[in-house]
Amino acid sequence: EEGEAKKEDRDTEAAGRLEFEYLLRLNDGVYHALAQLSERMALLNAEADLRSQVIAQVVMELNAAAADEIRTLIREDKMDEARKIDENKYQRIVDLDAIFRDVMKEEQEAEKKRQDAHMQSEERNGEGTMGSNGDSAGESSILSVPPAPGA
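Keep in mind it's a predicted model, so treat the numbers as computed, not measured.

Definitions and limits used
- Residues numbered from 1 in each chain as written.
- Predicted model: local features only at pLDDT ≥ 70, side-chain atom pairs only at ≥ 80, totals over all residues.
- Heavy atoms only, no water.
- Helix = DSSP H or I, 4+ residues; strand = E, 2+ residues; numbered from the N terminus.
- Buried < 20%, exposed > 50% of the residue type's maximum accessible area, 1.4 Å probe, protein only.
- Contact = heavy atoms within 4.5 Å.
- Areas by Shrake-Rupley, 256 points an atom, 1.4 Å probe, with all protein chains shown as cover.
- Salt bridge = Lys/Arg side-chain N within 4 Å of Asp/Glu carboxyl O.
- Core = buried A, V, L, I, M, F, W, Y, C linked by side-chain atoms within 4.5 Å.
- Patch = residues over 30% accessible without salt bridge, like charges linked within 9 Å, V, L, I, M, F, W, Y side chains within 5 Å.

## Brief notes about the overall build of the protein
Along the protein, the regular secondary structure elements total three helices and zero strands. Going from the N terminus to the C terminus, the protein shows its helices and strands as α-α-α. Counting the 151 residues in the protein, one finds 12% classified as buried. Contacts in the protein between residues at least 24 apart in sequence constitute 60% of all its contacts with a sequence separation of at least 6. Within the structure as shown, the protein displays about 12900 Å² of accessible surface, and the carbon and sulfur contribution to it stands at 55%.

Below, the structure is given as structure tokens:
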């Protein structure tokens, strides 16, 4: 009986060791799979970030191209054409109405600045000509010949 009890203890101990080794390997396998999954997720995140950057760049370029086209049409006094640009031309990505409003605002501000600068330039020129006109009027009176006595 003692022999059988020792044999059972050994069998139980061996089974416990096998179970422990199995669980250890299973644990290692799960951690390995999680590490691979984490690496794949990091790569997918990097790829998604790059795609987002490319999409953002494309949208910015399409916005700039639409703004340039609208600005050109406005400057050529083709407002109706500027308002009716085909959205498919910019792949329906660009908000043409918003860009039109922005460009119109920019053009109006630029026109106002040009007018203000022109008015300031005229004011400066006006002051300069007034001063020189006054001088030339004074010079002509000094240089003019007085009427002859008795005339």
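## Description of the pattern of salt bridges
Enumeration according to the criterion identifies 11 salt bridges in this entry. Within this structure, Asp 68, Arg 71, Arg 75, Glu 106 and Glu 107 form a network of salt bridges that share partners.

## With respect to the side chain of Glu 107
Residue position: Glu 107 is located in helix 3 (residues 96-143). Among residues more than four places away in sequence, those in contact with Glu 107 are Arg 71, Ile 74, Arg 75 and Arg 114.

## Examining the nonpolar core
Core analysis: the biggest nonpolar cluster contains 15 residues, and Ile 70, Ile 74, Tyr 90, Val 94, Leu 96 and Ile 99 have the highest contact counts within it. Listed by contribution, the elements that provide at least two residues to this core are helix 1 (2-75) and helix 3. When residues in this core are grouped by element, the largest group, six residues, is from helix 1.

## Topic: unusual backbone geometry
With phi around 55°, Gln 91 is a residue other than glycine that occupies positive phi space. With respect to the element layout, Gln 91 can be found in the loop between helix 2 (79-83) and helix 3. What makes Gln 91 exposed here is its relative accessible area of 54%.

## Quick notes on the side chain of Arg 71
Relative to the elements of secondary structure, Arg 71 occurs in helix 1. In this structure, Arg 71 is in contact with Val 103, Glu 106 and Glu 107, ignoring residues within four places of it in sequence.

## Some remarks on a nonpolar patch on the surface
There is a patch of nonpolar side chains on the surface, built from Tyr 22, Leu 23, Leu 26, Val 30, Tyr 31, Leu 34, Leu 37, Met 41 and Leu 44 and spanning about 910 Å² of accessible area. Position of Leu 44 among the secondary structure elements: in helix 1.

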